[in-house]
Amino acid sequence: MAVIQKHGKSYSPDLVCLKENHPPDKTGVAGGHKKCPEHHTNWSRPVARVWTVVLLLGTCLLYCARVAMPICAVSMAEKFNWTKRESGMVLGSFFWGYCFTQVFGGYVSDRVGGEKVLLLAAAAWGSMTAFTPILAHLCSQPILSMTLARFLMGLLQGVHYPSLASLCSQKVVESERGFLMSTVGSGSYLGTLLIGGAGSLMLDLYGWESVFYISGFMSVLWAYCMWKYLLKGEGPLISLESLGSGGSQSKLTKRHWLRLFKQRAVWAVIVTHLCTASTYFTLLSWLPTFFKESFPDAKGWVFNVIPWLVAIPSSLFSGCLSDHLISQGVDTVSVRKLMQFFSMGVSSVFTFLLCGNTTFLWAVAFVSATMGLTTFSHRYRHPLFIMVYFSGYLIEATGSWASVFALITTVNLLGLFTFLAFAEARRVDIDSSKIRHHNIHI
């Protein structure tokens, strides 16, 4: 699997396909690395551009399907008489499933190709999205069916970003990976923007069911077009034989995980990542409900769209800014800590301001500033799922949204202080005997 970071463009394709510059060992010594399969040849530039557009659209639809539930949460809670705790359980169950398929998605993608995993997963989670309203109405206990459906959605969508990283490392030349990954990554904001605007209008005009039907249908259609026109309708996508191949690639990591996890900087990145992911997805899950309850006369397409209109240019600006600072000679660790300071520190100021009594316009402004600044540290986020559920519990127990925004601020600052104190920008060599080949940037 590939480790891809935004600031400093530290890509490590060695983690996907371990290549040696010396001739292969012909004696067949155990532990020797297999050569990369032939299908790992790079795309030509025109082909890479086509795939960039296709993957951007796929990521956009991924978030359309993912955010459909938060957009419809208030209407569904009214329909099925859910409490805040029950709403939190439904919203949070997605992330219970999401965290379980991260490693699996990268493992399978490294062996059979990320495009195949993306295709099968998209067809599955698109179908699940489209059938969500049917499951809700047919089941005598909608809370159970929706919790299970969101859990399965998390399982299926959890492979998306690991598959993207694997596909990029296998098929894209190193000089173009930054453009492809940043462009495809912006699909998350574009998808949230589209479902926020169009989904809010569909919710008002046709009911909450329409949001799931349309986003699910479009996702399945994308998967079909990808299979038909890019993969040329090829036969069986994944075979058991392909899943079992390449086992020798994992021997290095199995021997050196312990050494890797003894590094303080590694734990700093892990803790910071969990904190920023948890706060981001808590906001993503609960903000539509916050605005709907705090400002019942406000239009959904306003508060579900404006923050993401700010997030898209902010994400592009932060990437250009970090690259510019590094090119001007600013050391990488300083740039990363500066970006993290804006993402978790300055954004927390605006989140905390939501704890007080605000007008609708100020609330939209504070949320927009928060989401825009959060993009300064855009990563592939793997959320701490318990925080989404716990936020629902806090709202129900305290009767106030201030407790949730205070919790988000506290978690953000914890992650920021950890990163500033312990994070570094150096290589961690997990095999000191082969420094050139097996390393990770942190």
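Residues numbered from 1 in each chain as written. Predicted model: local features only at pLDDT ≥ 70, side-chain atom pairs only at ≥ 80, totals over all residues. Heavy atoms only, no water.

1. Observations regarding the side chain of S93
In step 1: Assignment of secondary structure puts S93 in helix α2 (residues 84-98).
In step 2: Taking relative accessible area as the criterion, S93 reaches 5% and is therefore assigned buried.
In step 3: Filtering out sequence-adjacent residues up to four positions away, S93 remains in contact with M146, T147, R150 and F151. (Helix = DSSP H or I, 4+ residues; strand = E, 2+ residues; numbered from the N terminus. Buried < 20%, exposed > 50% of the residue type's maximum accessible area, 1.4 Å probe, protein only. Contact = heavy atoms within 4.5 Å.)

2. Topic: the packing of helix α12 (residues 264-294) against helix α17 (residues 386-398)
In step 1: Orientation of α12 relative to α17, taken along the N-to-C sense of each, is 55°, at an axis distance of 9 Å. Put simply, α12 runs oblique to α17. Regarding α12 and α17, the two cross each other, and that crossing is right-handed. For the pair α12 and α17, the contacting residues are S278, T279, F281, T282, S285 and W286 in the first and M387, V388, S391, G392 and I395 in the second.
In step 2: In terms of residue class, the contact of α12 with α17 is made up of five nonpolar, six polar and no charged. (Axes fitted to C-alpha atoms, helices over the stretch in contact; angles between N-to-C directions. Parallel < 35°, antiparallel > 145°, perpendicular 65-115°, else oblique. Left-handed = near helix turned anticlockwise from the far one by under 90°. Nonpolar A, V, L, I, M, F, W, Y, C, P; charged D, E, K, R; others polar.)

3. Re the pattern of salt bridges
In step 1: According to the stated counting rule, one finds two salt bridges in the structure shown.
In step 2: One salt bridge in this structure joins K84 and E293, with 2.4 Å as the shortest N-O distance. With K84 in helix α2 and E293 in helix α12, this residue pair connects regions lying 209 residues apart in the sequence.
In step 3: Here E396 makes a salt bridge to R85, at a shortest N to O gap of 3.9 Å. (Salt bridge = Lys/Arg side-chain N within 4 Å of Asp/Glu carboxyl O.)

4. Let's talk about the environment of A402
In step 1: Along the chain, A402 turns up in helix α18 (residues 402-422).
In step 2: For A402, a relative accessible area of 22% corresponds to the partly exposed category.
In step 3: When the C-alpha positions of A402 and G356 are compared, they lie 7.1 Å apart, and in sequence the two are 46 residues distant.

5. Things to note about the nonpolar core
In step 1: In terms of nonpolar packing, the biggest core is built from 93 residues, with M76 and F291 touching the most fellow members.
In step 2: The residues that make up this core include at least three from each of domain 1 (45-232) and domain 2 (256-428).
In step 3: Not counting the four nearest positions on each side in its chain, M76 is found in contact with M69, N81, W82, M146, W208 and F212.
In step 4: Counting five residues, the second largest nonpolar core, distinct from the first, contains V335, M339, L373 and F376. (Core = buried A, V, L, I, M, F, W, Y, C linked by side-chain atoms within 4.5 Å. Domains from an automatic or database assignment.)

6. Focus on a nonpolar patch on the surface
In step 1: Side chains of F131, I134, L135, L138, Y213, I214, F217, M218, L221 and Y224 sit close together on the surface and give an oily, nonpolar patch of about 960 Å² of accessible area.
In step 2: Those elements giving two or more residues to the nonpolar patch turn out to be α4 (114-138) and α9 (208-230).
In step 3: No other element matches α9, which puts six residues into the nonpolar patch.
In step 4: As for its position among the elements, Y213 is in helix α9.
In step 5: With relative accessibility at 36%, the residue Y213 sits in the partly exposed group. (Patch = residues over 30% accessible without salt bridge, like charges linked within 9 Å, V, L, I, M, F, W, Y side chains within 5 Å. Areas by Shrake-Rupley, 256 points an atom, 1.4 Å probe, with all protein chains shown as cover.)

7. Comments concerning the packing of aromatic side chains
In step 1: Throughout the structure, instances matching the rule amount to 26 aromatic pairs.
In step 2: Each ring, one from Y189 and one from W308, has its centre 6.3 Å from the other, and the planes form 25°; the classification is stacked. Remark: W308 occurs in helix α14 (residues 306-327) and Y189 occurs in helix α8 (residues 187-206); sequence separation between them is 119 residues.
In step 3: A centroid spacing of 6.3 Å and a plane angle of 90° characterise the contact between F290 and F295, whose relative ring orientation is edge-to-face. Note on accessibility: F290 and F295 belong to one class, buried.
In step 4: Grouping aromatic residues by their ring pairs yields a cluster made of W286, F290, F291, F295, F303, F360, W401 and F405.
In step 5: Lying across the ring of Y63, R66 places its NZ or CZ 4.5 Å from the centre. (Phe/Tyr/Trp six-rings, centres within 6.5 Å; stacked < 30°, edge-to-face > 60°. Lys NZ or Arg CZ within 6 Å of the ring centre and 35° of its normal.)

8. Remarks on α4
In step 1: With 25 residues, α4 extends 35 Å between its outermost C-alpha atoms, agreeing within 8% with the 36 Å of an ideal straight helix rising 1.5 Å per residue.
In step 2: Maximal helix bending in α4 amounts to about 45°, located at F131; proline P133 follows within four positions. (Expected span 1.5 Å × (residues − 1). Bend = angle between axes of the 7 residues up to and from the residue.)

9. Overview of the packing of α2 against helix α5 (residues 142-157)
In step 1: Taken N-terminus to C-terminus, the directions of α2 and α5 make an angle of 30°; their axes are 6 Å apart at the nearest point. By the angle between their directions, the pair α2 and α5 is classed as roughly parallel. Pair α2 / α5 crosses with right-handed handedness. Here E86, M89, V90, S93, F94, W96, G97 and Y98 of α2 come into contact with α5, specifically with I143, M146, T147, R150, F151, M153, G154, L155 and Q157.
In step 2: Tallied by class, residues from the contact of α2 with α5 come to 10 nonpolar, five polar and two charged.

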